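# Chain and residue survey
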Amino acid sequence: MTERGVPWLVGLALAALIILPAFVPGTYYSFLGIVVFIYGIVAVGLNILAGYAGQFSLGHAALMAMGAYTTALLTKALAPLPFFAATGLHIWFGVVLGTLVAAAFGALLAFPALRVRGPYLAMVTIAFGWVIFKILQEWVSVTGGDLGLSSIPKAQLGPYLFDTGSFYYVVLGLFVAALMIQRRLINSELGLRILAIKHSEIAVSSVGINVYRLKVLVFVISAAFAGFGGTLFAHQQNYVSPDNFQFFSSVFFLLAVLFGGAGTLMGPVIGAAVLTILPEILQDFDKFRLIIYGCFILLTLYFLPNGVMGLLADRKLRAARSKMGPTVVGAKSPGNLPTTVGVGLQLNNISKSFGGLQALRDVNFRVEPGTIHALIGPNGAGKTTLINVATGFYPLDSGEIVIDGRAATVRSLHDAARQGIVRTFQTIKLFGNMTVLEHVLVGCARHSRAGYFDAAIGRKSARNEAARNLDTARELISFVGLARYENVPANSLAYGHRRLLEIARALAVRPQLLLLDEPAAGLVAEEIHALGHIIRQLRASGITVVLVEHHMELVISISDRVTVLDYGVVIADGPPTAIQRDERVIAAYLGTPHAAA
Amino acid sequence: MYFFFQIALSGIATGAIYGLIAVGYSLTYMTTKALNFALGMWVMLGGMLTYSLIVLHAFHPLAALAIVVAALFALGIVAERFSVMPFLRAGSDVWVMSTLAVGFLMIDLAEIVWGRSPTPVPPLLGKNPIYIGPVAVLPQQLLIIAAACVTFIALDLFYRRTLLGKAFRAVAHSGETSSLMGIDTRRVQAVSYAAAAALAGFAGFLVVPLTLAEPQLGTVLGLKAFAIAIIAGLAAPRGILICGLAYGALEALISGYFYTGIRDILGFSLMILALFLKPEGLFGKPVEERA
């Protein structure tokens, strides 16, 4: 996405790769090329997972093994049949089946491992790699044990048998295809969602996306790449053994991604090429292989934290930032929001405690549709907990949630968003260096009907939808007044603009009820004024707004109704003017004269 | 029936080793949410150092123990400073790779220093088995079980009774708040990493007479210990000991009654199943994140 200067370079490199074999005698370099391309395909798959989605796997060698052994067994079994011997179809069946088997095992692994965040995936994939390695060694009758499987058929199309020289072009073609698939995927709406989970899983689920399922999907896609690479490896080497797929190979792939540049389109290519060719040069030092790799890993992490490609991209990003003008207050030009049918929300007798701390005690909270309802109270009163409970972020201890007059269960943040209830966060949660436009597009994704495969094959409906979403996103961005920052990375936005961006992203989900958690915190007076204007316009368009806020002036001036919480209990509820005079409210904020004594 | 007890008991001894290593993962996970992915190599280093001191240089075992634990603690401080700390702030999981890289260095260096061939190390309390009824047990195995229990009790007391232990728990809960309360979060993180390394060294010291001293000694131990830490719950030290002992016994029984080759396959599959059914671990409490 930031690699704009690269296309002609890539074209040049591709031309060289096509022409060069004609001038280089012998098959050694063609062979080396095939290995680089195969490893490149696996690394591209791992890059989608580790680089773009931020999930580390150290089991890709085992997934590759699944592909390699599947096609080896299948093609060896089918090869004697005359039909296959004549057509060579068994090879391509094997390639497809091997890819699918690897993807299936990827799913089997991802479902448990991705239920938890953190380093689980990396360690579980190591264990998976170990199990597969052991099975390959022990299940001698099928896998051939340590000796592996030999005389795997060569790639064949019709009567034509590929030799190293011609197979080179097949694998080169498939490798380029893999790169193009990666590019399409990352530039699609699905790609934006994948990028976003690396930065904030909570924010992604707040716009109605099931993060768990998305991560599993990414893992499965990544596993398919690994399996595909494995099948090609089997038909290239004509021999596979457990040694080809040791833990160390998994480390090799992850290192290739990190060295080349995790989360860049061409990074895995560079990584795979350098790491394949380097050991060829350093063959004499094989005794110190682990030391060399260990040092290489550490040096890469220290001096190339964003990889080779990251170095180039960084420079461009910096240039983009310095062009940014001074910050101005947004929302001068209200775009036209589509009208919405706001929903009401009732929380009946809800309680929530954390260990011994009762954060909410038998709270009743009733929001009428189409109103601005403020929720105020001193720090620690339970306001954010109430939002968390209403949006399924925390499970309820007891009580009932009623949305639009019907009792509802809200199982998770994304479930809430799907029921029309969207929230923003007290501590702003944005997607790092993704641009303003990309943020809002992630929000739009909730209503996209076209899947990735529609987008990948470029179906018209998918293209139309993408265009519509782009329009919607731009309208929302100009509605909150960020139109001139459309292509600015969020992490270089001014603080107030970040708040507005969060609101724009939430609006992209087309909420029927929007929960704003302290949107004015940290804003200057002008910005608060603009914010008030925006919130009023939301109400005018029909959206119900729940506003958790400390800024009393804002609350009093725009709210239709105010509820006051203190120590987890509702102490007042009514129109803003009444709340201002309520003695208990004043006492809660300022303390009572007695309490001081 | 005595065959059953015979196998189970030796399995429990192996399990005690798993538990000792596994609690090391828990120590660093609680304070930094990061793990030493090469903890098994640290076990190996502890074992090889033990071999070096006792067999090659005729140190008294207790002196050897003190040196091993102190050396690994010190190395742990250094390794944390250079392979974990710089990457914790980056907010990405690259410490997975950097801790592995340190482990790679250790394996090759161990091969250069001590060679690849496995060498026996004499057990601390002699080679003659003790008989409990008809069940024969090696003194080393009893020593391991006792040492693990003592270590876990000490750890429990540390977490609950000492100021530093309470600081550990506070950092585990919220690093930011702890540092506001005047806890040196950095120090706690470094010490937890070094303590995990020292515990791994201790485990290496205990286990090396039962295995053999060789550079590949810790690889699988470290992996199994992690499986146990996940099954029990990374934030549940007590559960880790129980799961460790149970896992060791189960594993030994599988090898004894079925077939050794299937042992690790079953064990790791068990971990994946446990993760699916109870992601926070059998003894863990679900964590509620904050928004």
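Residues numbered from 1 in each chain as written. Chains lettered and ligands numbered in written order. Predicted model: local features only at pLDDT ≥ 70, side-chain atom pairs only at ≥ 80, totals over all residues.

### Side note on the domain arrangement of chain A
Residue and element names in this part refer to chain A. Assigned domains within chain A: domain 1 (28-315) and domain 2 (345-596). Centre-to-centre, using C-alpha coordinates, domain 1 lies 42 Å away from domain 2. In this assembly, 20 residues from domain 1 lie in contact with 25 residues from domain 2. At the level of elements, helix H8 (164-187), helix H9 (189-199) and helix H10 (201-206) are the ones that each hand at least two residues to the side of domain 1 that touches domain 2. Per element, the largest residue contribution to the side of domain 1 that touches domain 2 is seven residues, and it comes from H9. A breakdown of the residues in the side of domain 1 that touches domain 2 according to their chemical character gives 10 nonpolar, seven polar and three charged. (Domains from an automatic or database assignment. Contact = placed C-beta atoms within 7 Å. Helix = DSSP H or I, 4+ residues; strand = E, 2+ residues; numbered from the N terminus. Nonpolar A, V, L, I, M, F, W, Y, C, P; charged D, E, K, R; others polar.)

### Observations concerning the sheet that holds strand S6 (residues 398-403) of chain A
Residues and elements named next belong to chain A. Read from one edge to the other, the open sheet built from four strands follows the order S4-S3-S6-S7, with strand pairing classed as antiparallel. Of all the strands in the sheet, just strand S4 (357-367) and strand S7 (406-408) have a single pairing partner and so form its edges. Shown here is a sheet whose adjacent strand axes are inclined to one another by a mean of 30°, direction ignored. Two strands pair when backbone bridges link them, and strand S3 (residues 345-354) and S6 are joined in this way by five bridges, in the antiparallel orientation. Residue pairing in the sheet places Leu345 in a bridge with Ile403 of S6. Lying over the sheet, helix H16 (residues 383-390) contacts S3, S4 and S6, oriented at roughly 70° with respect to S4. (Pairing = 2+ DSSP bridges. Axes fitted to C-alpha atoms, helices over the stretch in contact; angles between N-to-C directions.)

### Here we look at the confidence of the model for chain B
Residues and elements named next belong to chain B. Averaged over all residues, the pLDDT of chain B is 86; the fraction at 70 or higher stands at 97%. Looking at the elements of chain B, mean pLDDT is at its lowest for helix H7 (residues 175-180), recorded as 78, and at its highest for helix H2 (residues 39-56), recorded as 91. Across the whole predicted complex the pTM is 0.87, and at the interface the ipTM reaches 0.85. (pLDDT = per-residue confidence, 0-100.)

### Considerations on the pairing of S6(A)
Along any regular strand the residues' side chains alternate between the sheet's two faces. Residues and elements named next belong to chain A. Here S6 pairs with S7 via three bridges, running antiparallel. Bridge assignment links Ile403 to a residue of S7, and that residue is Arg406. Count of turn residues in the S6/S7 antiparallel hairpin: two residues, of which Asp404 carries a positive phi of about 55°.

### Some details on the interface of chain B and chain A
Of the residues lining the interface, 34 residues belong to chain B; the matching set on chain A comes to 39 residues. Those elements that place two or more of their residues in the side of chain B that touches chain A are helix H3 (61-88), helix H4 (95-114), helix H9 (219-232) and helix H11 (263-277) of chain B. Ranked by the residues each element gives to the side of chain B that touches chain A, the list is headed by H4(B), at 10 residues. Partitioned by chemical class, the residues of the side of chain B that touches chain A number 24 nonpolar, five polar and five charged.

### Considering the packing of helix H2 (residues 28-52) of chain A against helix H13 (residues 267-281) of chain A
All names here are of chain A. At a closest axis distance of 8 Å, the pairing of H2 and H13 adopts a crossing angle of 135°. When the axes of H2 and H13 are compared, the pair comes out oblique. Crossing angle aside, the handedness with which H2 passes H13 is right-handed. For the pair formed by H2 and H13, the contact residues are Leu32, Val35, Val36, Tyr39, Gly40, Ala43, Val44, Asn47 and Gly51 on the first element and Gly267, Pro268, Val269, Gly271, Ala272, Ala273, Thr276 and Glu280 on the second. (Parallel < 35°, antiparallel > 145°, perpendicular 65-115°, else oblique. Left-handed = near helix turned anticlockwise from the far one by under 90°.)

### A few points about the nonpolar core
Ranked by internal contacts, the top residues of the largest apolar core, which has 289 residues, are Ala127(A), Leu254(A), Ala504(A), Ile21(B) and Ile228(B). For this core, the leading source of residues is helix H8 (residues 185-207) of chain B, giving 16 residues. Setting aside chain neighbours within four positions, we find Leu254(A) in contact with Leu46(A), Ala50(A), Phe56(A), Leu58(A) and Met97(B). (Core = buried A, V, L, I, M, F, W, Y, C linked by C-beta atoms within 7 Å. Buried ≥ 20, exposed ≤ 12 C-beta atoms within 10 Å, placed from the backbone.)

### Quick notes on unusual backbone geometry
At Glu518(A), a residue that is not glycine, the phi angle is positive and equals roughly 50°. On the secondary structure map, Glu518(A) appears in the loop between strand S9 (513-517) and helix H22 (525-540). With a phi close to 60°, Lys33(B) is a non-glycine residue in the positive phi region. Relative to the helices and strands, Lys33(B) resides in the loop between helix H1 (2-32) and H2.

### Concerning H8(A)
Look at H8(A): 34 Å from first C-alpha to last across 24 residues, which is about the 34 Å you get at 1.5 Å a residue. The complete set of buried residues in H8(A) reads Tyr168(A), Val171(A), Leu172(A), Phe175(A), Ala178(A), Gln182(A) and Ile186(A). (Expected span 1.5 Å × (residues − 1).)

### Re helix H20 (residues 460-479) of chain A
Residue and element names in this part refer to chain A. Taking 1.5 Å per residue, 20 residues should reach 28 Å; H20 reaches 29 Å between its end C-alpha atoms and fits that length. When we look at burial in H20, the residues that qualify are Ala462, Asn469, Ala473, Leu476, Ile477 and Phe479. Looking straight down H20, one finds its buried side chains confined to an arc of 150°; they lie on one side. In H20, the exposed positions angled more than 90 degrees off the buried face are occupied by Lys460, Asn464, Ala467 and Asp471. Once H20 finishes, Gly481 follows within two positions and takes phi at roughly 85°, a positive value. (Arc of directions from axis to C-beta.)

### Describing the confidence of the model for chain A
Mean pLDDT for chain A: 83, with 92% of residues reaching 70 or above. Across chain A, helix H11 (residues 211-237) of chain A holds the top mean pLDDT of 92, while helix H26 (residues 593-596) of chain A sits lowest at 52.

### Here's the deal with the sheet that holds strand S5 (residues 372-376) of chain A
Residue and element names in this part refer to chain A. Taking strand neighbours across the sheet as the criterion, the six strands line up as S8-S9-S10-S5-S11-S12 in an open arrangement whose pairing is mixed. Of all strands in the sheet, those with a lone pairing partner are strand S8 (421-423) and strand S12 (569-574), marking the two edges. On average, each strand axis in the sheet is tilted by 20° relative to the strand beside it, whichever way the strands run. Packing of H16 onto the sheet brings it into contact with S5, S8, S9, strand S10 (544-548) and strand S11 (561-566), and relative to S9 it is tilted by some 150°. Each of S5, S9 and S10 is contacted by H22, which is oriented at about 150° to S10, the strand it contacts most.

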